[in-house]
Amino acid sequence: MAITRLRPERVLRGWPVWTAYAALGWSVVYAALGVFWAAGGGGFPFGAADVNAEGHGRLLAGATAQVTGPVMAGLGTAGAVIAWAMARRARGPRPVLLLSGWGLAVLLTLVLPEIRALHLALFPLIFLTLDKMDWPTVNFLILMAGGFAWAAATLAYQRASRSACAHCGRRAGHRTGRGAAWLVRHRRALTYTAVAAPWGYAVVRLAWVLDIPLGVPAEFLRHLATANGGAGAKGMELILIGMCAAGSVLTAGLVHRWGEVWPRWVVGLAGRPVPVAVPVVCAGLAACATMAVGLSWARGLPDLIAGGWSIDVYGYRVGPVFALPIPSFLLWGGTLGLAALACYYRRRGECRHCAAAITR
């Protein structure tokens, strides 16, 4: 009896099918964990157990196993039912399934992880943050993975349930959708906005690294240096500033030739086409991470506005420049995600699964 070899490309081609079952399995596991934690089991990752929550977002700081566990069990059970219906391509409750699926995807990828979403962007430098990779942090990354599974499953269901190709979203004989056409038409404006956006964070933080009290009193910078280890904190800030600068430059590749053909300095790949998945997936993951961080920071905006664009932080009065990274990250995440979509729509070409080509 012949053994069929499981090939990665075959697995990737089957994503419209298996992502629904991945979302189902993920939901079942977390439903079971919710019951386990509600019953007094160990390993509850939120609330008092999350010792590194300070500075990473406080949305679940007050969570307890007795309250959060049953909520997780209920959401997990509902998610399992929804994922099963999506896998079976149920048509009756389509609006409910779509709203639930996208809601879970947003909750898990953009809302709950908060500042910890930066670990997704820092993955290539993860060895620098191993001291922060405790169980709660790992759990938040697992939540994000579940969110990506839900996003993929919901997208496939949304396409298939309207009789479109689950892989590309096109229907035979139909022109490209208005949304896709708009993104392709405005791809350069979106991309260059995403190129500029991270500098709202980078400029402020670079000034602080250079001991320039931009938007804050000098005493605030001395407090940060004392509380965060001085040179070590500045080193991490420089890494984040460097990532913003690198992200800004790489984003331009979404609309330039070197984003489609590997440049000469890339040894072994020079001159070869860049697979569309490389820029789209990398930009998409970065967009999710930056948007999650921006949304987390944005919860402080009401207090800032109520205080006349001035607020007390660690006992020091700071001005509106202090909050510049908030719109910077929100704008960066939003425009980078749209620019990545525009890149995908522009380069996707003919679908090998339904043989449909882009019709403009």
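Each chain carries its own residue numbering, running from 1 in the direction its sequence is written. For a predicted model such as this one, the threshold for reporting local features is a pLDDT of at least 70, and the threshold for listing and counting side-chain atom pairs is 80 or more; totals across whole chains, interfaces and linings nevertheless cover every residue. The side-chain figures draw on all heavy atoms in the structure; neither hydrogens nor water molecules are used.

Engineer: A description of the packing of aromatic side chains should follow, citing residues and the corresponding values.
Structural biologist: Stacked, edge-to-face and tilted labels apply to pairs of Phe, Tyr and Trp rings (six-membered ring for Trp) whose centres lie within 6.5 Å, assigned for plane angles under 30 degrees, over 60, and everything in between, in that order. Scanning the model with the defined rule gives 14 aromatic pairs in all. Here Trp208 and Phe322 contribute two aromatic rings whose centre-to-centre distance is 5.9 Å and whose plane-to-plane angle is 25°, an arrangement assigned as stacked. Taken together, the residues span a long stretch of sequence, with Trp208 in helix H9 (residues 199–209) and Phe322 in the loop between strand E2 (316–318) and helix H14 (325–347) at a distance of 114 residues. The buried label applies to any residue whose accessible area, calculated with a 1.4 Å probe on protein chains only, is under 20% of its type's maximum; exposed applies above 50%, and partly exposed to all values in between. Accessibility expressed as a relative area gives 24% for Phe322, which makes it partly exposed. Relative to Phe322, the ring of Phe220 lies with its centre 5.9 Å away and its plane at 90°, an arrangement referred to as edge-to-face. Secondary structure counts use DSSP, requiring at least four H or I residues in a row for a helix and at least two E residues in a row for a strand, with both numbered from the N terminus.

Engineer: Please set out empty space enclosed by the protein residue by residue, giving values where relevant.
Structural biologist: Think of a 1 Å grid over the protein atoms and nothing else: a 1.4 Å probe that fits but is trapped marks a cavity, an open set flanked by protein within 12 Å on at least five of seven lines marks a pocket, and residues with an atom within 4 Å of a point count as lining. Grid points are joined across faces, edges and corners, and a volume is the space filled by probe spheres set on the points. Within the structure shown, the criterion is met by 1 cavity of 30 Å³ or more. Lining the largest cavity we find 14 residues, and of these Asp50, Gly57, Leu60, Glu114 and Phe140 sit closest to its centre. Residues are grouped as follows: nonpolar covers Ala, Val, Leu, Ile, Met, Phe, Trp, Tyr, Cys and Pro; charged covers Asp, Glu, Lys and Arg; every other residue, Gly included, is treated as polar. Here the residues of the lining of the largest cavity are counted per class, giving 7 nonpolar, 3 polar and 4 charged.

Engineer: If you had to explain the side chain of Arg159 to someone new, which residues and values would you point to?
Structural biologist: With respect to the element layout, Arg159 can be found in helix H6 (residues 135–160). If we ignore the near neighbours within four places in the chain, the residues touching Arg159 are Trp15, Ala164, Cys165, Ala166, His167, Cys168, Gly169 and Tyr344. Two residues qualify as a contact provided that any one of their heavy atoms is within 4.5 Å of a heavy atom in the partner residue.

Engineer: An account of helix H7 (residues 178–185) is requested, with residue identities and associated values reported.
Structural biologist: Within H7, burial applies to Ala180, Leu183 and Val184. Looking straight down H7, one finds that the buried residues subtend no more than 100° of arc, so they occupy a single side. Exposed residues lying more than 90 degrees from the buried face of H7 are Arg178 and Arg185. Directions from the helix axis toward the C-beta atoms define the arc.

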